[in-house]
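Each chain is listed here by its residues.
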Amino acid sequence: MKLTLAEPKYFKDSVSIISELVNEAKFKITANGIELVAMDPANVAMVVFKLLSSAFAEYELKNDVVLGINLINLKHVLRRAKPTDVMTLELENGKLHVQFRGNSIRRFSLPIIESEEKEQKVPELVFPVQIKTTSTVLNEAVEDVDVVAESVSFIAEPGVFVINAEGDLSKAKIEIKPSEETKIISDSDETLKARYSIEYLKKMINGSKLSENVTISLNKDYPLKLDYKIIDKLSLTFILAPRVENE
């Protein structure tokens, strides 16, 4: 296996974001690219990551590989990548070798671990509402509600997407209407509402480091899905379980 990436930020930033939710993970490396499906330890959030083979300058792979790795250790190594470096990943003698080639050649080796985590399957979810907007719109809304509460309600009403939070004394309400940067696609005339943890959302919206746009998929009292994509390169998807109303 020899995979060379001319723009290491795609892998570097993705691993950094994912490691906020998951400490250890199994990467599945196939002819299509690098894939990861993992749950956080509390089983509240799932992350689905794909870095397509078309994003690589060189992609040599004889057989599919499953790579168990400590993401914290990997994140620390990837932080050493400079923007102009070319990164190469190789598997040899039970270790993952990471090389950065720039003004100098720097090599790191990381142990492959036997992850006890069972293989995760992405659930089949149905969403009557999708909001396609810029990452900045969602980031600012989450930062706004973080000031007043620990949980937030996402509400899809006909023609408007509302983000609402209430603390003991304070309230915040953000209304997002269709515009040049925001599209609301709905198959429902109902008001759909679900509550989510702001703590988890703050980690997930770091997907904005990868993509300027995000797709928010909603249903009533149902998991939330956030999609960040770069065409022909990568996708990073988060699925977040709702908080029940009687909490």
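Now for a look at the structure at hand. Quick caveat, the model's predicted, so the values are computed rather than measured.

Rules used throughout
- Residues numbered from 1 in each chain as written.
- Predicted model: local features only at pLDDT ≥ 70, side-chain atom pairs only at ≥ 80, totals over all residues.
- Heavy atoms only, no water.
- 1 Å grid on protein atoms, 1.4 Å probe; cavity = no way out; pocket = protein on both sides within 12 Å on 5 of 7 lines; lining within 4 Å.
- Points joined across faces, edges and corners; volume = space filled by probe spheres on them.
- Nonpolar A, V, L, I, M, F, W, Y, C, P; charged D, E, K, R; others polar.
- Pairing = 2+ DSSP bridges.
- Helix = DSSP H or I, 4+ residues; strand = E, 2+ residues; numbered from the N terminus.
- Axes fitted to C-alpha atoms, helices over the stretch in contact; angles between N-to-C directions.
- Contact = heavy atoms within 4.5 Å.
- Buried < 20%, exposed > 50% of the residue type's maximum accessible area, 1.4 Å probe, protein only.

### Notes on empty space enclosed by the protein
Inference 1: Using the criterion set out here, one finds one cavity of 30 Å³ or more in the structure.
Inference 2: Across the lining of the largest cavity, the residue classes break down as ten nonpolar, no polar and no charged.

### A few points about the sheet that holds strand E7 (residues 86-92)
Inference 1: In spatial order, the strands read E5-E1-E7-E8-E9; together these five strands make up an open sheet with antiparallel pairing. Looking along the sheet, the strands with just one partner apiece sit at the ends: strand E5 (58-60) and strand E9 (105-111). Neighbour to neighbour, the strand axes of the sheet diverge by 15° on average, direction disregarded.
Inference 2: Sheet topology note: the strand E1 (residues 2-5)/E7 ladder contains four bridges and is antiparallel. If you follow Leu-3 over to E7, its bridge partner there is Leu-89.
Inference 3: Of the strands in this sheet, E7, strand E8 (95-101) and E9 touch helix H2 (residues 71-78), which is tilted by about 20° from E8.

### Focus: the layout of surface pockets
Inference 1: A volume near 220 Å³ is recorded for the second largest pocket.
Inference 2: What lines the second largest pocket is a set of 13 residues, and nearest its centre among them are Lys-132, Thr-133, Asn-213, Val-214 and Thr-215.
Inference 3: Those elements giving two or more residues to the lining of the second largest pocket turn out to be strand E10 (129-134), strand E16 (213-218) and strand E17 (224-230).
Inference 4: It is E17 that provides the largest number of residues to the lining of the second largest pocket, a total of four residues.

### Observations regarding the pairing of strand E13 (residues 171-176)
The side chains of a regular strand alternate, residue by residue, between the two faces of the sheet.
Inference 1: Here E13 shows a buried face lined by Ala-172, Ile-174 and Ile-176 and an unburied face lined by Lys-171, Lys-173 and Glu-175.
Inference 2: When strand E12 (residues 160-166) meets E13, the two strands line up antiparallel, connected through six bridges. In the strand pairing of E13, Ile-163 is matched with Ile-174.
Inference 3: What sits between E12 and E13 in their antiparallel hairpin is a turn of four residues.

### Focus on unusual backbone geometry
Inference 1: One non-glycine residue, Asp-221, lies in positive phi territory at about 45°.
Inference 2: Of note, Asp-221 is situated in the loop between E16 and E17.
Inference 3: Classification of Asp-221 by relative accessible area gives partly exposed; the value is 47%.
Inference 4: Of note, Asp-232 is a non-glycine position whose phi angle comes to about 65°, a positive value.
Inference 5: In this structure, Asp-232 sits in the loop between E17 and strand E18 (234-240).
Inference 6: Asp-232 sits in the exposed class, given a relative accessible area of 53%.

### A look at the side chain of Ser-19
Inference 1: Mapped onto the elements of the fold, Ser-19 is located in the loop between helix H1 (9-18) and strand E2 (24-30).
Inference 2: Not counting residues up to four positions away in its chain, the partners in contact with Ser-19 are Leu-71, Ile-72 and Lys-75.

By themselves these figures say nothing about function.
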